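# An overview of the molecular structure
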Amino acid sequence: MSPRPFVSTSSSCLHCCRTAAGVTSIHPASSKRWVWTQDAQEFSKLFMSLLEDTLSSQKNPDVRDIVQKQFCGEYAYVTVCNQCGRESKLISKFYELELNIQGHKQLSDCITEFLKEEKLEGDNRYFCETCQSKQNATRRIRLLSLPCTLNLQLMRFVFDRQTGHKKKLNAYIEFSELLDMEPFMEDKAHDFVYELSAVLIHRGVSAYSGHYIAHVRDPQTGEWYRFNDEEIEKMEGKKLQLGAEEDLEPSKSQARKPKSGKGVYRSRNGYMLVYRLQSQAKSLTVEIPAFLQGLVERDNTRFEEWCNEMAEMRKQSVARGKSKHEEVKELYQKLPAKAGCPYDFVSLEWLQQWLDESTLPKPIDNTACLCSHGKLHPDKIPIVKRISESVADYFYKRYGGGPRLTGKALCKDCVVERCRVLRLKNQLNEDYKTVSNLLKVTTKGDDGFWVGKSSLRSWRQLALEQLDDPEEDGDQSNGKMNGDTKSRDESSTEKREEEDLKFNEDIVCPHGNLCISENERRVVSRETWDKLQRYFRSAPEFPSSRDSCSQCKILEREGEENEALHKMMASEQKAYLPNLFQDKNRPCLSIWPEEVGELYIVSKFFVEEWRKFVRRPTRCSPVSSIGNRELLCPHGGLMFTFASMTKEDSKLIALIWPTEWEKIQKLFVVDHAIRVIRRRPAGATLETPLYITEPELCLDCREGLLCQQQRDLREYAQATIYVRKVVDNKKVMKDAAPELNMSSSEAEEEKEETRLEGEQDPDFNQANSNAKRQKVNPPNYAVYQRPGIRRSTRHRKVRGEKALLVSANQTLKDLKIQIMHAFSVAPFDQNLSIDGTILTDDSATLGSLGVTPESVVLLKADEPIVDYAAIDDVMQVCMPEEGFKGTGLLGH
């Protein structure tokens, strides 16, 4: 029967239904189906505890104590000394009784074992306070009081010492509809007859996977309902039926199900049994509050309306289907166009939708079959179907759409063009051989044409690409290079300066004339040019008698003059400032010679740019001025302290000797002179000199700069951080030798980055030997480096590390979700830390947690332990005992 909502006010039904919710789950951190059992018994305990804590704050005592009244009982651990007979009693509350079923066949035997006497002897002797010594004793459990709803948990999952894993006990256990607990009670003055109210079944042969099905009895009507996920089914009659739930996978060792008497059930999958006190069940009167009854009635009304709506929609769908079926059946025989009769072309995709009776066809759309002239493209014939004109009239009248493609819709121009392309394709191989032979003959006289050497090397590939893309033939017959497709002649393609150049455009100068470089072009005969022009009709044409561009010649002469001037200028400046160029004998604030009273400061950027020009005067622009303005604040004050210039800010400035400063002032325009003066006040020792800067330090702007730098680290958007996965508290790769973990391409990049731009300069190499320049770092990322060694500031990625784009205002929870997609580790399995600090507050922002751009976050994951041992052909995957970690049952 169809599922329907079931509303019951029985506490036992509520208890069983919520227990059945604890079903097996799929681990979200993996694409594989790794399953662990979120145990129903564990869920029962946690949910009961959560419910009790939540209701404890209610003012109404009936609501506050409902969990204790319905589910809480008491038993006592009673220990009796064998020597003096002293009896000690420890009273404890319980919400369920956990019964061992191993070796038992009846529920009463399981309860008897639970209450049986235990002997305390040997190393397990009991310390008697009366005897003041350890004595042999006996211990047992005595039931003092039972709850209205008695929850019995059958311990089917046990630990197997041989395999080291859990296993399920699939033995049959017999239990009855009525359970008399009076023989097990300490006080036998009351009636303790219970009636079966709910049964939870665990289907599956493994302790690590399976499915839960709950059976709940309505105390008002006595009818049983089966809860299977979202399906709720009423059983026939008023008896519990467990036959379907007992049918498992066939097993060689499966025992035959024994017969049971009236009112007795046997189950090999029964996991939890819920009994209701019979005396209270008969006298149970439930008064549902009016507001709650109204909510239930409203939900039921909505459900009934939804069912009626679905039934009506199903009815309409069936009617449409029948109508569509009749239409298709009638028109299908008339679809083919007979010879000599008028016909139309219709999109094949639309016809397939029309034949699909489950969907309603949309208006006919033939736009995908049209050419640039608005007619039927000859290449689109395979995606259209020729149908009779009468059926086409019916289709357009009923479904609409267009444009309509009659038998005369085929584009004549496109057909002619496709024929030309096919002829050219067939002729291409022959023409390629002819042109290759013609190019071997040297052309003399002025009857030839200039063609680019790069175009000649790849003209065949260009022609093929053009012929394969006929849409561009009409407007662009010159064969545009395809940047997404590699040329067959890769060597020739790489030599082309611009991959998107058309044929013969590689010899066109920026002014649209013939380029001046004769090394890039050659003269071909008229016969060769005519054959090439058949494929590239709009290619630039340059007869061999045409002279190269006059404007480019003038610019070339000017460029040669400038290069000569730059070489001379670089040579003079290099000779004038040899130590500054060679980076020899440079001043240092921490080691200040006694004979020098002052030092000058320039931007390190200026020094780097000037050295580049001196090394490559023909490629770099000359430096004419020194811009020290960037080292000053808007008020004209210095932005750096003396201490910072010796440490983190030393990468932003360069120190100049006074003698060098005089030469620099003659060579360059200086906007602001900055110097550091050392003075010794009267009576000062040699260790306490006084350093003064001109201009002076601007304290307000200096503090503002520091605050801005810190703010930039805390307020960022779409910045890169690195997440590095660690295993067993050790990084996947050693930081001490990251070059061992880089791929070959990364290693080559690192070598290329550390290579000096001027290492080919003989003067530079002789002067510096193996010394390397230091790289200028931005202010926010300046790091200390040993003098004379240039280190890369590019982050070195190691294996097990991934880069993520984050913002300062996103929360740690958002970051964990990103990490889950990158590493396949669920958020509740992630243990994150940065610089030794563990990150735990999921609601905190990354900026407040100190996660800055380029920082490295360490990830330690609670990894699953996979066991591929098969039990009854079922693969088991043993997960750590995480239980309900990450759910509301455990708080965080």
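Residues numbered from 1 in each chain as written. Predicted model: local features only at pLDDT ≥ 70, side-chain atom pairs only at ≥ 80, totals over all residues. Heavy atoms only, no water.

### Observations regarding the pattern of salt bridges
In the structure shown here, the tally under the stated rule is 26 salt bridges. A salt bridge links D379 to R418; its shortest N-O distance comes to 3.4 Å. Of this pair, D379 sits in the loop between β22 (364-365) and β23 (384-388) while R418 sits in helix α10 (residues 412-439), placing them 39 residues apart in sequence. Since its relative accessible area comes to 39%, D379 is described here as partly exposed. Between E417 and R420 there is a salt bridge; the shortest N-O distance is 2.7 Å. Linking E417 with R420, this pair stays in helix α10, spanning three residues, or about one helical turn. (Salt bridge = Lys/Arg side-chain N within 4 Å of Asp/Glu carboxyl O. Helix = DSSP H or I, 4+ residues; strand = E, 2+ residues; numbered from the N terminus. Buried < 20%, exposed > 50% of the residue type's maximum accessible area, 1.4 Å probe, protein only.)

### Some thoughts on the sheet that holds strand β30 (residues 653-656)
Taken in spatial order, the four strands line up as β30-β28-β32-β33 in an open sheet, and their pairing is antiparallel. Only two strands of the sheet have a single partner each, and these edge strands are β30 and β33 (690-694). Averaged over all pairs of adjacent strands, the angle between strand axes in this sheet comes to 25°, irrespective of strand direction. Here strand β28 (residues 598-603) runs beside β30; their pairing, made up of four bridges, is antiparallel. The residue of β30 that forms the bridge with I601 is L655. Sheet strands in contact with helix α16 (residues 604-615) are β28 and β30, and its direction is about 70° off that of β28. (Pairing = 2+ DSSP bridges. Axes fitted to C-alpha atoms, helices over the stretch in contact; angles between N-to-C directions. Contact = heavy atoms within 4.5 Å.)

### Focus: the side chain of Q153
Mapped onto the secondary structure, Q153 falls in strand β10 (residues 149-155). For Q153, a relative accessible area of 0% corresponds to the buried category. Beyond its immediate chain neighbours, meaning those up to four positions away, Q153 contacts Q41, S44, K45, E96, L97, E98, L99, Y271 and M272.

### Considering the nonpolar core
L107, L150, M181 and Y275 are the most contacted members of the largest nonpolar core, which has 36 residues in total. Per-element accounting of this core gives the leading share, four residues, to strand β15 (residues 193-203). Those residues within four positions of L150 in sequence are excluded, and the remaining contacts are F94, L97, L179, M181, Y194, L273, V274 and Y275. (Core = buried A, V, L, I, M, F, W, Y, C linked by side-chain atoms within 4.5 Å.)

### A short note on unusual backbone geometry
Of the consecutive residues G402 and P403, the connecting peptide bond is found in the cis state with omega at -5°. Summarising the element assignment, P403 is placed in the loop between β24 (401-402) and β25 (405-406). The omega angle of the peptide bond from E694 to P695 is 0°, so this bond is cis rather than trans. Mapping P695 onto the fold places it in the loop between β33 and α19 (699-714). One non-glycine residue with positive phi stands out, namely N504, at about 70°.

### So, the packing of aromatic side chains
On inspection of all chains with the given rule, the structure shows 22 aromatic pairs. Ring centres of F157 and Y271 lie 5.2 Å apart, and the angle between their planes is 45°; this geometry places the pair in the tilted category. With a gap of 114 residues between them, F157 in strand β11 (residues 157-160) and Y271 in strand β20 (residues 270-277) connect regions that are remote in the sequence. Relative accessible area serves as the criterion here: at 2%, Y271 is assigned to the buried category. For the pair W354 and F395, a centre-to-centre distance of 5.0 Å together with 65° between the ring planes defines the contact as edge-to-face. A residue pair is termed long-range when its members are at least 10 positions apart, and W354 in helix α8 (residues 348-355) and F395 in helix α9 (residues 389-399) qualify at 41 residues. You can call F395 buried: its relative accessible area is 0%. (Phe/Tyr/Trp six-rings, centres within 6.5 Å; stacked < 30°, edge-to-face > 60°.)

### Things to note about the pairing of strand β9 (residues 137-145)
Looking at chain direction, strand β3 (residues 73-81) and β9 are connected through eight bridges and run antiparallel. Within β9, the residue paired with V78 across the bridge is R140. As defined by bridge partners, strand β6 (residues 118-120) adjoins β9 across three bridges and the pair is classed as antiparallel. By the bridge assignment for β9, L120 is matched with A137.

### So, a nonpolar patch on the surface
A cluster of nonpolar side chains, namely I288, F291, L292 and L295, defines an oily patch on the protein surface of about 360 Å² accessible area. Its location among the elements puts I288 in the loop between α6 (278-282) and α7 (290-331). Judged by relative accessible area, which is 35%, I288 ranks as partly exposed. (Patch = residues over 30% accessible without salt bridge, like charges linked within 9 Å, V, L, I, M, F, W, Y side chains within 5 Å. Areas by Shrake-Rupley, 256 points an atom, 1.4 Å probe, with all protein chains shown as cover.)

### Notes on the confidence of the model for the protein chain
Detailed conclusions should not be drawn from predicted coordinates in areas where pLDDT is low. Looking at the protein chain as a whole, its pLDDT mean stands at 77, while 77% of the residues score no less than 70. The low-confidence segment residues 250-254 (pLDDT under 50) makes three contacts with residues lying over four places distant or belonging to another chain. The low-confidence segment residues 471-499, where pLDDT is below 50, has 54 contacts with residues more than four positions distant or belonging to other chains. (pLDDT = per-residue confidence, 0-100.)

### Some details on the pairing of strand β37 (residues 830-834)
For β37, the buried fraction is high: four of the five residues fall into the buried class. Strand direction decides the pairing type here: β37 and strand β39 (residues 856-861), joined by four bridges, are antiparallel. Residue pairing in the sheet places Q830 in a bridge with A861 of β39. Pairing of β37 with strand β38 (residues 837-839) involves three bridges; the strand directions are antiparallel. Along β38, the bridge assignment pairs L832 with L839.

### A look at the sheet that holds strand β4 (residues 87-94)
Spatial strand order, β4-β3-β9-β6: four strands in an open sheet with antiparallel pairing. In the strand order of this sheet, the two ends are held by β4 and β6, each with one partner. Neighbour-to-neighbour, the strand axes of the sheet open up by a mean angle of 30°, direction not taken into account.

### Observations concerning the environment of K380
With respect to the helices and strands, the residue K380 is situated in the loop between β22 and β23. Distance in space between the C-alpha atoms of K380 and A368 is 8.2 Å, their sequence separation being 12 residues. Once you skip the residues sitting within four places of it in the chain, K380 turns out to touch A368 and C369.

### Here we look at the environment of V798
Summarising the element assignment, V798 is placed in the loop between α21 (762-768) and β36 (801-806). When the C-alpha positions of V798 and R724 are compared, they lie 8.2 Å apart, and in sequence the two are 74 residues distant.

### Structural notes on helix α13 (residues 526-535)
Of all the residues in α13, the buried ones are T528, W529, K531, L532 and Y535. An end-on view of α13 places all buried positions within 160° of arc, on one side of the element. (Arc of directions from axis to C-beta.)

### Considering a negative patch on the surface
A surface patch of like charges, here negative, comprises E556, E558, E560, E561 and E563. Mapping E558 onto the fold places it in helix α14 (residues 550-576). E558 sits in the partly exposed class, given a relative accessible area of 41%. (Lys, Arg positive; Asp, Glu negative; His and termini not counted. Charge placed at Lys NZ, Arg CZ, Asp CG, Glu CD.)

### Some words on the side chain of E195
Among the secondary structure elements, E195 is positioned in strand β15. Within the local environment of E195, its side chain forms a polar contact with the side chain of R217, the two groups lying 3.0 Å apart. (Polar contact = N/O pair within 3.5 Å; in protein donor to acceptor, adjacent residues only side chain to side chain.)

### A look at helix α22 (residues 812-823)
In this model α22 runs 16 Å from its N-terminal to its C-terminal C-alpha over 12 residues, within 8% of the 16 Å that 1.5 Å per residue would give. At its buried positions, α22 is contacted by β34 (719-727), β36, β37, β38 and β39. Residue S824 follows α22 closely and has a positive phi angle near 60°. (Expected span 1.5 Å × (residues − 1).)

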